[in-house]
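Per-entry structural report
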Amino acid sequence: DTHIDADQHWEMNYHEAAIFLEEGENNEKFDSHPHNSEALPAYLLVHNQWYYGLDLATSLILLALAFVEEPALPLFKLPVGVHGSIELLALSIIGVELTLKLRWIGWKTILKHKRTMIKCITLGIMFVEAVTVLVRQSSHFRVTRALRPIFLVDTRHCGGVRRFIRQIFQSLPPIFDMMGLLLFFVTIYAVLGYFLFSDDPRDQHFTTLHDSFVSMFVLLTTANFPDVMMPSYARSKWFSIFFVSYLCTVLYVLMNLMLAVVYETFTRIERDKFRKLLLHKRKACQHAFKLLVSKQNPSRMRFKQFEGLMRYYAPKKSPRDVVLMFKELNTSGSGSLSLEEFYSVYDAAMLKWEAQFSQIPWFHTTWAPLQTFCQFTHDFVTWKYFEYIIYGLILSNGLTMIFRILEFNDDLQESAVAFSASWDTILFVGLFVVEAVLKILGLGVGHYFGSGWNIYDFSVTLLSAVGVIILSFIPSFVYVVVFRPLRLLRLFKLKKRYRDVFGTLVLLTPLMCSTAVVMLVLYYFFAIIGMELFAGYDMRNCCVNSTVEDFYKYSANGSTALGYYYLNTFDNLLTGGITLFELTIVNNWFILMNSYALVVSSWSRAYFMLFYLFTMIVLTIVVASVLEAFRFRIQYKRQTSKREEEQMLHEEVDLKWEEMQVWVQDFQLLEKLRANLVVGVSTNCIDQTQ
């Protein structure tokens, strides 16, 4: 019984230590750590992949309800009882999660956790509103629907989104400082413009002080330039000094200064973030280490405890990988880990190992004639001139495409077939298929698809072949013409500058995904508010006798050349999103703002101005992050040679069977390892992490 109790004690320690490491990796505060066995079941229930998926699905369903609630497209519209019941069910699932969280955290900790408190308050408000909608069987003014993205951002899968939002909030003080300075100059010039130009009845941009401020704010985005200047410019050419000085001061000096300030703040926040994350991980390692050492030797961790930890922290790791991780960490060679060595457990957990003899070509045991052919293809595709041959084929493919473009005529289908399904297309696609087959035979499937460029080439070649087949049978499906030119992108790899750009894009992929989600959340938030404020207004032939009248002219026979702006409405989530995207581009965004100001209320301008300011803040931080990533890559490439980079990306471990038997004292585990290691022989394993 004592032995069983000791095993159970160690198993609980392994589990709790793994939880500490997960909290360190996910940057979770340790005050949410389950401190007793009663809280552990609730913690484990919420912290598993099935529940993560349920939480994400529930959040997405809540967001998707905006497509079927009033106002909505008739195609998607659902009865109030249906979408109200779905909303109530989704909110109940989220409420169960919060209840389970309360079980192991407690009220005191939740009250200190701002994100959880905001989520609880939002959940309570939405639950009351959902019940009200079901009881009344009709929707009311529900601007709080704009808060639904809070549940999505709080899911496990949106950790990068939360970090990006946190960076936005941390960058706000300097942004607000610069925006205050910007608004000061906008106001000064608005007052001056009012006194200079309000006496001209032809100039409607400065009629009142309010109009003057709006005109100068829009001029900050250059959307109304030079239209805003031309009436006064017609009176006197000297008035151009007013507008030129304003744009030079505000647009070219202050806006660029704001970017510089945000960039400096962003880089400082990034450094602080990584430092705090490193310290947090070290703290997690300290907590875990205390649970994995014995009283007899409190400063060293044995392999048995490390292997028990990995069963919970990295359950997909094979026994061989666990042994290699331990060997990699044990730099002292003592057979047990110190705390200083254990600090590197996060890096070791990311390594992917292969035995060094796995570098032998895949075909070395195949049929002799096939082995000979594969060896020939291996030598051919690794020949230093092979890539230049492929580049020559790609360039020739590009030249033939130019000739095909010059032969285009008014028949779109005939032009599409000539461009993407003619004999030259079939020839080059066939050659590219041969290239892919040769590389797969010579390098092996794993090695071939281990390269991102090979995956891109294979995908484009496959799509081009599919395009040829589709156009041969369905000539009207002209959209596939885009596939053939995509292979030309490979030519940009020849120049180092483009390789740096592509490398920066790879580095920025996680950040760009988080940015995309943040922008979608921002669009959703403002689209819901826009639907509540502006849905139902008919913008056709509105704004009579105003500067934007021509843009909203409509007739049953068709609109004017300036028309079609009446389509920019907030009648449902889709059209609202498109309208907001047009505002993001800022080209003629003031036309939309002024039209709703005339139709609804002059105060509606605040909505459009706030949206512009929010998007400007997010996009400024995105620009700062792109600059930082590109600067980091350039400096890294300048300071690191190719050989040094390969050494940093690969780790090599020499594993001896006799040495391993000393610290791996589990007979069953040793038997499992016999399949991967040769007894009596030193086995070299290398890290294959790229």
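If you're wondering where the values come from, they're calculated on a predicted model, not measured in any experiment. (Residues numbered from 1 in each chain as written. Predicted model: local features only at pLDDT ≥ 70, side-chain atom pairs only at ≥ 80, totals over all residues. Heavy atoms only, no water.)

Considerations on the environment of Lys-77
With respect to the element layout, Lys-77 can be found in the loop between helix H3 (49–64) and helix H4 (80–105). Separated by 11 residues in the primary sequence, Lys-77 and Ala-66 have C-alpha atoms spaced 9.7 Å apart. With near-sequence residues (within four places) excluded, Lys-77 lies in contact with Val-68 and Glu-70. (Helix = DSSP H or I, 4+ residues; strand = E, 2+ residues; numbered from the N terminus. Contact = heavy atoms within 4.5 Å.)

Focus: the confidence of the model for the protein
Model confidence for the protein is summarised by a mean pLDDT of 83, while 89% of its residues fall at 70 or above. Within the model, pLDDT remains below 50 along residues 679–683, and this stretch shows 13 contacts once partners closer than five positions in the same chain are excluded. (pLDDT = per-residue confidence, 0-100.)

Examining the packing of aromatic side chains
Each aromatic ring pair is characterised by the separation of its centres together with the angle its planes make. For the coordinates displayed, the defined rule picks out 45 aromatic pairs. The interplanar angle of 80° and the centroid separation of 5.4 Å between the aromatic rings of Phe-525 and Phe-526 together place this pair among those described as edge-to-face. An aromatic cluster is present here, built from Tyr-523, Phe-525, Phe-526, Phe-534, Phe-570, Tyr-596, Tyr-607, Phe-608, Phe-611 and Phe-614 joined pairwise through their rings. The residue whose ring lies beneath Arg-282 is Tyr-343, and the NZ or CZ to ring-centre distance is 3.8 Å. (Phe/Tyr/Trp six-rings, centres within 6.5 Å; stacked < 30°, edge-to-face > 60°. Lys NZ or Arg CZ within 6 Å of the ring centre and 35° of its normal.)

Considerations on helix H12 (residues 303–313)
Across the 11 residues that make up H12, a large majority, 8, are buried. Buried within H12 are the following residues: Phe-303, Gln-305, Phe-306, Glu-307, Gly-308, Leu-309, Met-310 and Tyr-313. (Buried < 20%, exposed > 50% of the residue type's maximum accessible area, 1.4 Å probe, protein only.)

Some remarks on the packing of helix H22 (residues 496–534) against helix H23 (residues 573–585)
For the pair H22 and H23, the least separation of the axes is 9 Å and the interaxial angle reads 115°. With respect to their mutual orientation, H22 and H23 come out roughly perpendicular. When you trace H22 past H23, the crossing you get is right-handed. Of the residues in H23, those in contact with Tyr-523, Tyr-524, Phe-526, Ala-527, Ile-528 and Met-531 of H22 are Leu-573, Gly-577, Leu-580, Phe-581 and Thr-584. For the contact of H22 with H23, the per-class residue count stands at 9 nonpolar, 2 polar and no charged. (Axes fitted to C-alpha atoms, helices over the stretch in contact; angles between N-to-C directions. Parallel < 35°, antiparallel > 145°, perpendicular 65-115°, else oblique. Left-handed = near helix turned anticlockwise from the far one by under 90°. Nonpolar A, V, L, I, M, F, W, Y, C, P; charged D, E, K, R; others polar.)

Quick look at unusual backbone geometry
Here the residue pair Glu-70 and Pro-71 is connected by a cis peptide bond, since its omega of -10° sits within 30 degrees of zero. Note the cis peptide between Phe-225 and Pro-226, where omega equals 5°. Mapped onto the elements of the fold, Pro-226 is located in the loop between helix H9 (209–219) and helix H10 (230–235). Here Asn-588, not a glycine, exhibits a phi torsion of approximately 65°, which is positive. Positionally, Asn-588 belongs in the loop between H23 and helix H24 (589–599).

Brief notes about the nonpolar core
Residues Met-216, Tyr-246, Met-258, Tyr-552, Leu-580, Trp-589 and Phe-608 are the most contacted members of the largest nonpolar core, which totals 86 residues. With 14 residues, the top contributor of residues to this core is H22. Setting aside chain neighbours within four positions, we find Trp-589 in contact with Phe-217, Val-218, Thr-221, Ala-223, Leu-583, Phe-608 and Met-609. Grouped together as the second largest cluster of nonpolar side chains are 36 residues, Phe-30, Cys-285, Val-293 and Leu-669 included. (Core = buried A, V, L, I, M, F, W, Y, C linked by side-chain atoms within 4.5 Å.)

Some words on the environment of Tyr-233
Summarising the element assignment, Tyr-233 is placed in helix H10. Among the residues examined, Tyr-233 registers a relative accessible area of 28% and is labelled partly exposed. Sequence separation of Tyr-233 and Phe-243 is 10 residues, and the distance between their C-alpha atoms is 9.7 Å.

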